There are 2 protein chains.
Amino acid sequence: MNSIRNFLPFSFTKFPKFLIYLFIIYLIFPSVIINVVEGTEVYINYTYSGDTGPRFWHLLEGSSEICECGKNQSPIDLTSEDIKNLAPPPYPNFTDITDVEALNNGHTVECCSDDMSKINIKIEGKLYTLAQFHFHTPSEHRINGKYFDVEQHLVFENEDGINAVVSVLYDLSTKNSTFLDPIISNLPKICNETKKLDKVELLSLVHDLNSLSQTYSYSGSLTTPPCTEGVTWFVNVKPLNIGMQQLLELRQVTGFNSRYTQTRH
Amino acid sequence: MNSIRNFLPFSFTKFPKFLIYLFIIYLIFPSVIINVVEGTEVYINYTYSGDTGPRFWHLLEGSSEICECGKNQSPIDLTSEDIKNLAPPPYPNFTDITDVEALNNGHTVECCSDDMSKINIKIEGKLYTLAQFHFHTPSEHRINGKYFDVEQHLVFENEDGINAVVSVLYDLSTKNSTFLDPIISNLPKICNETKKLDKVELLSLVHDLNSLSQTYSYSGSLTTPPCTEGVTWFVNVKPLNIGMQQLLELRQVTGFNSRYTQTRH
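Structure report, in brief. No experiment lies behind these values; they were computed from the predicted model shown. (Residues numbered from 1 in each chain as written. Chains lettered and ligands numbered in written order. Predicted model: local features only at pLDDT ≥ 70, side-chain atom pairs only at ≥ 80, totals over all residues. Heavy atoms only, no water.)

Here the bond from Ser 74 of chain A into Pro 75 of chain A is cis, since omega is 0°, no more than 30 degrees from zero. Looking at the secondary structure, you find Pro 75 of chain A in the loop between helix H4 (66-69) and strand S1 (77-78). In this model, Glu 124 of chain B sits at a positive phi of 45°, which is unusual for a non-glycine residue. Looking at where Glu 124 of chain B falls in the secondary structure, it is placed in the loop between strand S4 (120-123) and strand S5 (126-136). The class for Glu 124 of chain B is exposed, based on a relative accessible area of 82%. (Helix = DSSP H or I, 4+ residues; strand = E, 2+ residues; numbered from the N terminus. Buried < 20%, exposed > 50% of the residue type's maximum accessible area, 1.4 Å probe, protein only.)

Our focus in this paragraph is the state of the cysteines. Residues and elements named next belong to chain A. Following the criterion strictly, the structure yields 2 disulfides over all chains and no others. Residue pairing for Cys 67: its cysteine sulfur links by disulfide to Cys 227, the two sulfurs lying 2.0 Å apart. Across the S-S bond of Cys 67 and Cys 227 the torsion is about 95°, and the bridge reads as right-handed. Separated by 160 residues along the polypeptide, Cys 67 in helix H4 and Cys 227 in the loop between strand S10 (215-221) and strand S11 (229-243) bring together distant segments of the chain. The same class applies to Cys 67 as to Cys 227, namely buried. The closest cysteine sulfur to the non-disulfide-bonded Cys 69 is located on Cys 67, 8.9 Å from its own sulfur. Judged by relative accessible area, which is 45%, Cys 69 ranks as partly exposed. (Disulfide = S-S within 2.5 Å.)

Attention now moves to the interface of chain B and chain A. Between chain B and chain A, the residue contacts involve 30 residues of the former and 30 residues of the latter. Surface buried jointly by chain B and chain A totals about 2700 Å² across both partners, of which 55% is contributed by carbon and sulfur atoms. Of all residues in chain B, the largest losses of buried area upon contact with chain A belong to Tyr 147, Arg 251 and Phe 256 of chain B, amounting jointly to 25% of the total for that side. Scanning the region where chain B abuts chain A turns up 6 salt bridges. Looking at the side of chain B that touches chain A, the elements that each hand over two or more residues are strand S8 (163-173) and helix H7 (244-254) of chain B. Here the side of chain B that touches chain A takes 5 residues from H7 of chain B, the largest share from any one element. Split by residue class, the side of chain B that touches chain A holds 10 nonpolar, 11 polar and 9 charged. (Contact = heavy atoms within 4.5 Å. Buried area = accessible area lost by both parts, 1.4 Å probe. Salt bridge = Lys/Arg side-chain N within 4 Å of Asp/Glu carboxyl O. Nonpolar A, V, L, I, M, F, W, Y, C, P; charged D, E, K, R; others polar.)

Structure below.
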């Protein structure tokens with residue numbers, strides 16, 4: 001035993017006791033330590049109800065006052081006037097992606113894949129690469145005060161860390177969404193659970209979108225804390241179809257995860 | 001002409017000019033006068049989006065600060081813990097009602113009938129009479145962060161003007177709601193439009209509710225301005241069915257008219 005002690009770069013007897021206690025706490029309650037560590041960096045403990053709900057996001061540790069006092073916050077309620085001025089859809093090079101990981105992060109179901117780095121859009125000469133997509137139920141954006149059942153956000157990022165989001169609305173229909181099928185068949189149901197999806201057919205999604213309409217573009221914010229502004233939004237104003245069973249299964253997992261619409265300035 | 005002037009209880013020449021101008025304005029913009037008059041009494045010009053949305057209801061003329069600083073505001077997100085403690089459903093004498101008027105009041109579809117005065121519930125010895133019922137899409141109350149497609153509020157009032165609300169949740173299903181059928185077939189689609197319904201089968205509604213479960217009761221508030229507190233709530237925690245086509249037709253009229261859940265104290 002003595003020889004092992006000499007081999008180690010520190011002495012057990014001199015090893016700070018608080019680190020030993022910390023290690024024991026970690027063994028018993030790993031999530032406590034993880035949340036404390038994440039809280040100082042990126043993790044914000046927000047919800048969609050009560051005193052950590054959207055009304056109070058500006059007060060949360062790691063969040064920002066911009067959630068309360070920002071002048072370009074998202075989502076918004078689009079008017080008939082807005083959707084007179086539509087931009088062309090900005091997705092020329094979408095392809096199907098493989099080896100997708102669907103993560104239940106406690107707020108939504110978020111899908112990632114290394115393949116996503118192949119998919120990008122260009123805004124004012126700058127390249128934005130797809131980072132992930134996720135779902136909100138019911139929709140966050142509204143059109144003339146009407147909401148939709150699901151809103152999918154395809155989140156892009158440029159080399160400066162600035163985001164752009166392509167938003168896809170889905171409305172209840174007798175027709176299922178082919179695109180959503182593999183995702184809804186493999187939903188991670190518990191917080192922090194992940195599921196592997198062999199393939200996600202973004203090509204079929206883009207095909208459906210292109211056949212529908214153009215998009216409403218505006219400068220807004222992330223719809224979750226820290227509500228960072230400078231986000232370029234492309235909202236597809238005509239919804240795609242989602243079947244009843246698909247909707248019930250998706251929102252059984254996502255619950256209510258929609259920020260209320262923000263004041264426009 | 002002189003003889004007519006003498007017959008009138010006032011002189012045209014002496015008639016206050018501002019009343020004549022007011023009358024002319026009324027002829028041109030009747031809604032302006034109606035809103036001004038109503039604004040001082042009961043009319044509050046609230047919405048569910050932007051700067052007259054739920055976040056700002058406490059600032060609206062005719063509303064109350066209680067919308068912002070009340071300690072017993074509704075709706076709330078019910079937890080598993082809450083719904084362990086259920087009360088018996090409080091509706092013994094419901095009957096079908098006839099000659100119902102369904103009004104689109106710009107916020108919801110509200111159903112009234114003289115017959116409703118026959119329907120009452122007793123809370124702590126006091127009689128509360130049914131005044132009207134109306135609909136919210138999606139639901140205002142949530143259960144463990146999950147929302148439902150529709151929430152119906154049956155609003156009762158006692159002789160002191162204190163309210164109680166029986167809340168009925170509806171969730172998307174392959175089965176239609178028989179109770180909702182005559183209402184959804186006769187929706188007043190435009191603001192201020194009314195439709196006459198020969199009969200509304202409250203008996204069938206109560207039958208469905210009784211067969212389901214008990215209710216969660218708590219002391220809350222109106223979920224619309226002026227957000228008055230002291231309202232006794234009875235929330236039926238198991239949803240009834242609403243068919244897809246029924247839901248689509250109802251929410252095409254009601255849009256998003258759901259206040260965000262409130263902090264619990």
